[in-house]
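Okay, here's what each chain looks like letter by letter:
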Amino acid sequence: MLRVEKRIDASKWMNYVIPIASLFMALIGGAALLGTQGISPLDAYCRIIKAAFGGSYEFSETIVKATPIAISSFAVMLCFSMLIWNIGVEGQAFMGALAAVAAVRYCHSDNQFYMLCTAAAFAIMAGGLWAMIAGFLRSKWNVNEIISTLMLNYIAIRILEYFVYGPWRDPSSLGFPITTRFPPSARLPQLFGSRVHVGIILAVFLAFAAWYILSKTRLGYEIRVIGENPKAARYSGMSYMKNVLVVMFISGAIGGLTGMTEVTGLHGRLQASFAAKYGYTAIIVAWLSHLQPFVILLASVLFGALLVGGEALQIELGLTLSTVEILQGLVLFFVLGGDFFRNYRLKFTWRTDK
């Protein structure tokens, strides 16, 4: 007979070996997928590595992709640490981007520091309040936050489309859903003569901030306790509703900053499909990193490389976008499978009839 048993005390080495083995299995699964399309897996993986790390320009493009993934991952990580499943970082990024554009349009200033701080403040409030809607529904009436945050994503997308197709559309865009270009004062400075912007500094700062909050503050302690045992947290006097609202606001605020940094640092304007599903990729990154802030930075670079390499495969080998997304999904599938074997074991028992 086959039984599933929970591991009482998992070995420390499993925390390192299992994620590596999961990635290896994902590569094997991806190789099988590529093989069915008549593409050499070795050639495809070499092209991905070359496109992502083949030179200074290639590496800078990987960092450009990794930056919004990392910022979004920190938003996801905080909620997941408390077993609150915020699937709405994508929508929170959309609302943050909208708020940043509103700041540029209606609070314009030629002072770059003031303009960027205003846009960031607008984005933080918009993303945080948008996330708090789901947080309030969860803490007040126990509404499933997976469903509510996911539904709020679609609402945010429609609100953004209304503005870029309607009142904020650039009159000279020939009908394309984009806003007018931002003035220089509303653009994040770029680094090293590349498209890498100071949003990468924000991502590194958030890694240290997340580590400090979770390990050194009372809020972090309550987040961990509520995540491990909500009933014990209530009995000890911790306010579940307050903590859910605070964490959801912080998470949404970080998500809003994802949108703000993308439109002010990379695009210089708002368009309908600016986010490239970074909020959903962040879920994979957070799980792959086991909610460890500094590991998130490394995992974000990995997925940034996969995005850059995926674009190269589309151009050079004619792969479809769906194939590239399946490769990402395989990583999540095997990471979750590896996490199962880290916490549980399969035990075979033989039964003999008397």
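Residues numbered from 1 in each chain as written. Predicted model: local features only at pLDDT ≥ 70, side-chain atom pairs only at ≥ 80, totals over all residues. Heavy atoms only, no water.

Student: So what's going on with the side chain of S139? Residues and values would help.
Tutor: Looking at the element boundaries, S139 is found in helix α5 (residues 112–141). Here F136 takes part through its backbone oxygen, which lies 3.3 Å from a polar atom of the side chain of S139. Filtering out sequence-adjacent residues up to four positions away, S139 remains in contact with Y240, M241, V244 and L245. (Helix = DSSP H or I, 4+ residues; strand = E, 2+ residues; numbered from the N terminus. Polar contact = N/O pair within 3.5 Å; in protein donor to acceptor, adjacent residues only side chain to side chain. Contact = heavy atoms within 4.5 Å.)

Student: How would you sum up helix α6 (residues 145–165)? Please name residues and give values.
Tutor: Between the first and last C-alpha of α6 there are 30 Å, a value that for 21 residues agrees with the 30 Å anticipated at 1.5 Å per step. Of all the positions in α6, only E145, S148, T149, L152, N153, A156, L160 and V164 are classed as buried. The arc that holds every buried residue of α6, seen down its axis, measures 150 degrees, which confines them to one face. In α6, the exposed positions that point more than 90 degrees away from the buried face belong to I147, R158 and Y162. Against the buried residues of α6 lie α4 (89–106), α5, α10 (240–267) and α11 (278–288). A distance of 2.8 Å separates the backbone nitrogen of I146 from a side-chain oxygen at the start of α6, and that oxygen is part of N144. (Expected span 1.5 Å × (residues − 1). Buried < 20%, exposed > 50% of the residue type's maximum accessible area, 1.4 Å probe, protein only. Arc of directions from axis to C-beta.)

Student: Can you break down the packing of helix α2 (residues 41–53) against helix α12 (residues 293–317) residue by residue, with the values?
Tutor: Running from N to C, α2 and α12 cross one another at 115 degrees; their axes reach a closest spacing of 8 Å. Two packed elements cross with a definite hand, and for α2 against α12 that hand is right-handed. Contacts between α2 and α12 pair D43, A44, R47, I48, A51, A52 and F53 from the former with V301, A305, L306, V308, G309, A312, L313, E316 and L317 from the latter. In terms of residue class, the contact of α2 with α12 is made up of 12 nonpolar, 1 polar and 3 charged. (Axes fitted to C-alpha atoms, helices over the stretch in contact; angles between N-to-C directions. Left-handed = near helix turned anticlockwise from the far one by under 90°. Nonpolar A, V, L, I, M, F, W, Y, C, P; charged D, E, K, R; others polar.)

Student: Describe a nonpolar patch on the surface, naming the residues involved and giving the relevant values.
Tutor: Taken together, the side chains of L2, V4, F340, F341, Y344, L346 and F348 present a nonpolar region at the surface, about 670 Å² in accessible area. Every element with two or more residues in the nonpolar patch is listed here: β1 (2–6), α13 (321–343) and β2 (344–348). Top element by residues in the nonpolar patch is β2. It accounts for 3 residues. Mapped onto the elements of the fold, V4 is located in strand β1. (Patch = residues over 30% accessible without salt bridge, like charges linked within 9 Å, V, L, I, M, F, W, Y side chains within 5 Å. Areas by Shrake-Rupley, 256 points an atom, 1.4 Å probe, with all protein chains shown as cover. Salt bridge = Lys/Arg side-chain N within 4 Å of Asp/Glu carboxyl O.)

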